[in-house]
Amino acid sequence: MSRNGPLALIFHTIFVIVMVSPILVVCLVAFTPEGFLSLPTNGFSLRWFRAIANYPEFIHAFWISLGLGALSSFVAMLFAVPAALAIARYRFRGRDALAALFLSPLMIPHVVLGIAFLRFFTSAGLGGSFAALIIAHVIIVFPFALRLTLAAATGMDLSVEMAAVSLGAGGWTLFRRVTLPLILPGVISGWALAFIQSFDDLTMTVFLAAPGTETLPVRMFLYIQDNIDPLVTSVSACVIAITMTALILLDRFYGLDRVLAGKGDTGR
Amino acid sequence: MSVAAEERNARAPWALSAPALMLFVGVLLIPLAMTVMLSFHDWGQYKGIEPVFILKNWHEIVTDPYYAEMFWRTFRIAILTTLLTAVLGAPEAYILNRMSGRWKSVFLLVILGPLLISVVARTLGWALLFGGNNGLVNKLLMSAGLIRAPIPFMFTETGMVVALAHVMMPFMVLSVWAALQRLDPQIENAALSLGAGPVTIIRRIIMPQIMPGVLSGAIIVFSLSASAFATPAIIGGRRLKVAATLAYDEFLNTLNWPLGAAVATLLLAALVLIVVGSNALIERRYAEVFR
């Protein structure tokens, strides 16, 4: 039912070009054979990708980001799954307030969170530590972990659980063998989205990271502050490639519009 | 249901959410309260932070025109970014919605995908496109005859607004898109059969119905733009400060934490007021849409 007129299609084409071009230009410049910022007009070269190997800071920061993202999303899930079941299953006083509190990290500017965590962890003697980064990231990815788990738990058929109970399953067995497998798609997508959010966060992390615990976005940001050269574009191109892969997987298995729209916000 | 079972039922949700609740109170609410407290502390170049209760930082922010200018710049950039995303994002969402299934999902991925791509990488892309007076954007605009002299984009508010609008665009498209999903296509056909032209249909049928989506998208874009850090820092450089980059400077360069905390607290308070206020207005104005 494509009823878009020519004018609409021209607008659409320009819109898409503008949306894609900054990302495209980063990836193109990364392949330049020159020693300065330029589009690869004289053939493609991988020299700036090889150059990354000479900057251990970037590689170290990448591993920090990867570990931080995986671990904090996992810990967030440990807290989010029971909370999501509580909010999805029960109608109790304070339910809306609880859901609002759990989603609040979405509303609070990350710069404010960064400052609050810097102050808090410094006075707790954890300033600049990896542990502090994990705890802070658990808080900022929690809403994403919660929302997708909540959507899965709300849509779940309760009669399956009742059947299991009538067959004598209870407690942990019920959760492990029946509930968890049923909400697993939501849990995995929630984990993946939480991971991407953690992996990409700059604004909050830039306050907490110290030399040695710098994440990849922080390292890239500090590098850009000094100078912009093709090296940082090749690092960015790698980050874009990784995110794109995760994105396509997420879209294939769960549907990107569902992930981003966060349907079933508070389970209503 | 027996009394005991009922009691267990009342306790169960709290037992399940207790770990997360304790985590949020311990590492979110307490640090936020500490930050507000910090904004009332004293600070000196040599003595550091002194835990006393004074209004020095707040007095400085209110009286020094530097801060008024900085906050005004922050909100001006956020408002312009919001307008730009609304004017371009709403029509795009509408066009997208009218596409056929396969193209729709491809372009939805292309437009929403950047949301998950590192903000640093996306802003770097704009820095490359702007790049001085003979950047690609200026070359393109000049060869198209749209401008005669190059527009300075780097280290200007214009550049910040363009790059921020690009970063925030997916939120607007997503929000209008959600509103369009609730729209009944038959209404459009009914208007068409009654002799309405395309302009009338858009103005009288589509616009009123997607307005809640545009407005809720605008709230998201505004609050995220007003507190944005990476894009203003990279495009704006060290001179052109907004609230988030100023707070960063106070914390990590000047080390005047109490003043930085006051800037952050004011930003948070202003945003909460604006967001809660406009949410209430929208919900009252469009009560029937949300029902």
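Residues numbered from 1 in each chain as written. Chains lettered and ligands numbered in written order. Predicted model: local features only at pLDDT ≥ 70, side-chain atom pairs only at ≥ 80, totals over all residues.

Peer 1: When you look at the overall build of chain A in this model, what are you seeing that I'm missing?
Peer 2: When you go through chain A residue by residue, the secondary structure sums to twelve helices and zero strands. Along chain A, from the amino end to the carboxyl end, the secondary structure elements read α-α-α-α-α-α-α-α-α-α-α-α. C-alpha atoms of chain A, sized along the principal axes, occupy 70 × 60 × 30 Å. Counting over 268 residues, chain A shows a buried share of 43%. Sequence-distant contacts, at least 24 apart, represent 76% of the contacts inside chain A between residues at least 6 apart. (Helix = DSSP H or I, 4+ residues; strand = E, 2+ residues; numbered from the N terminus. Buried ≥ 20, exposed ≤ 12 C-beta atoms within 10 Å, placed from the backbone. Contact = placed C-beta atoms within 7 Å.)

Peer 1: Quick question: what am I supposed to make of the overall build of chain B here?
Peer 2: Scanning chain B from N- to C-terminus turns up 13 helices and two strands. The C-alpha radius of gyration of chain B comes to 24 Å, more than 25% above the 19 Å expected for a compact globule of 291 residues. Buried positions account for 41% of the 291 residues belonging to chain B. For chain B, restricting intrachain contacts to residue pairs at least 6 apart in sequence, the fraction spanning at least 24 positions comes to 71%. (Rg over C-alpha atoms; globule rule 2.2 N^0.38 Å.)

Peer 1: So what exactly am I meant to see when it comes to the interface of chain A and chain B here?
Peer 2: One frequently used descriptor of interface size is the decrease in accessible area upon assembly of the parts. Contacts between chain A and chain B engage 64 residues on the former and 65 residues on the latter. Here the side of chain A that touches chain B takes 13 residues from helix α1 (residues 6-29) of chain A, the largest share from any one element. Class assignment of the residues belonging to the side of chain A that touches chain B gives a composition of 51 nonpolar, eight polar and five charged. (Nonpolar A, V, L, I, M, F, W, Y, C, P; charged D, E, K, R; others polar.)

Peer 1: When you look at helix α5 (residues 110-123) of chain A in this model, what are you seeing that I'm missing?
Peer 2: All names here are of chain A. For α5, which comprises 14 residues, the first-to-last C-alpha distance of 20 Å matches the rise-based estimate of 20 Å (1.5 Å per residue) to within 8%. Of all 14 residues that make up α5, twelve are buried, and the element is covered over most of its length. Turning to α5, its buried residues are His 110, Val 111, Val 112, Leu 113, Gly 114, Ile 115, Ala 116, Phe 117, Leu 118, Arg 119, Phe 120 and Phe 121. (Expected span 1.5 Å × (residues − 1).)

Peer 1: Is there a simple way to explain the environment of Ala 261 of chain B in this structure?
Peer 2: Looking at the element boundaries, Ala 261 of chain B is found in helix α12 (residues 257-285). Take Ala 261 of chain B: there are 29 C-beta atoms within 10 Å of it, and that puts it in the buried class. Between the C-alpha atoms of Ala 261 of chain B and Ala 196 of chain B, which are 65 residues apart in sequence, the distance is 56 Å. Here Ala 261 of chain B is in contact with Ile 115 of chain A together with Thr 35, Leu 38 and Ser 39 of chain B, once residues within four sequence places are set aside.

Peer 1: Would you mind showing me how to read the environment of Asn 279 of chain B here?
Peer 2: Here Asn 279 of chain B is to be found in helix α12. Here Asn 279 of chain B falls in the partly exposed class, since 13 other C-beta atoms lie within 10 Å of it.

Peer 1: Explanation requested: the packing of α1 of chain A against helix α11 (residues 230-253) of chain A in the structure shown.
Peer 2: For any two helices packed against each other, one specifies the inter-axial angle together with the distance between the axes. Residue and element names in this part refer to chain A. The contact between α1 and α11 brings their axes to 7 Å, and the two run at 120°. Taken together, the axes of α1 and α11 are oblique relative to one another. Here α1 runs over α11; the crossing is left-handed. Residues Ile 23, Val 26, Cys 27 and Val 29 of α1 lie in contact with α11, whose contacting residues are Pro 230, Thr 233, Ser 236, Ala 237 and Ile 240. A class-by-class count of the residues in the contact of α1 with α11 yields seven nonpolar, two polar and no charged. (Axes fitted to C-alpha atoms, helices over the stretch in contact; angles between N-to-C directions. Parallel < 35°, antiparallel > 145°, perpendicular 65-115°, else oblique. Left-handed = near helix turned anticlockwise from the far one by under 90°.)

Peer 1: Can you help me understand the confidence of the model for chain A in this one?
Peer 2: Caution applies to low-pLDDT regions: their predicted coordinates should not be interpreted in detail. The predicted model of chain A has a mean per-residue pLDDT of 88, with 94% of residues at 70 or higher. Taken together, the stretch residues 262-268 of chain A has pLDDT below 50 and engages in 14 contacts with residues farther than four places along the chain or on a different chain. (pLDDT = per-residue confidence, 0-100.)

Peer 1: Help me out: how do you make sense of helix α11 (residues 243-254) of chain B in this one?
Peer 2: Side chains that are three or four residues apart share a direction in an α-helix, a result of its 3.6 residues per turn. When we look at burial in α11 of chain B, the residues that qualify are Ala 243, Ala 244, Thr 245, Leu 246, Ala 247, Tyr 248, Glu 250 and Phe 251 of chain B. At its buried positions, α11 of chain B is contacted by α5 and α9 (205-208) of chain A together with α3 (65-97), α10 (230-236) and α12 of chain B. Note on α11 of chain B: the residue one or two positions beyond its end, Leu 255 of chain B, has a positive phi of about 65°.

Peer 1: It is not clear to me how unusual backbone geometry should be interpreted in this structure. Could you clarify?
Peer 2: Negative phi is the rule for most residues except glycine; trans is the rule for most peptide bonds. Residues and elements named next belong to chain B. Unlike most non-glycine residues, Phe 155 shows phi in positive territory, near 60°. Assessed through the 14 C-beta atoms surrounding it within 10 Å, Phe 155 is described here as partly exposed. The residue Leu 255 is not glycine, and still its phi comes out positive at about 65°. Mapped onto the fold, Leu 255 is located in the loop between α11 and α12. Since 14 C-beta atoms lie within 10 Å of it, Leu 255 is described here as partly exposed.

Peer 1: Just checking my understanding: could you explain the packing of helix α3 (residues 56-89) of chain A against helix α6 (residues 130-154) of chain A for this structure?
Peer 2: Residues and elements named next belong to chain A. Remark: α3 packs on α6, axes separated minimally by 6 Å, with the N-to-C direction vectors making an angle of 45°. With respect to each other, α3 and α6 are oriented oblique. Crossing of α3 over α6 shows right-handed handedness. Of the residues belonging to the contact of α3 with α6, the class tally is 22 nonpolar, five polar and no charged.

Peer 1: Please clarify how the confidence of the model for chain B should be interpreted in this entry.
Peer 2: Residue and element names in this part refer to chain B. Per-residue confidence for chain B gives a mean pLDDT of 89; residues scoring 70 or more make up 95%. Per-element confidence in chain B ranges from a low mean pLDDT of 59 for helix α13 (residues 287-290) to a high of 95 for α3. Two summary scores accompany this predicted model of the complex, namely pTM at 0.90 and ipTM at 0.89.

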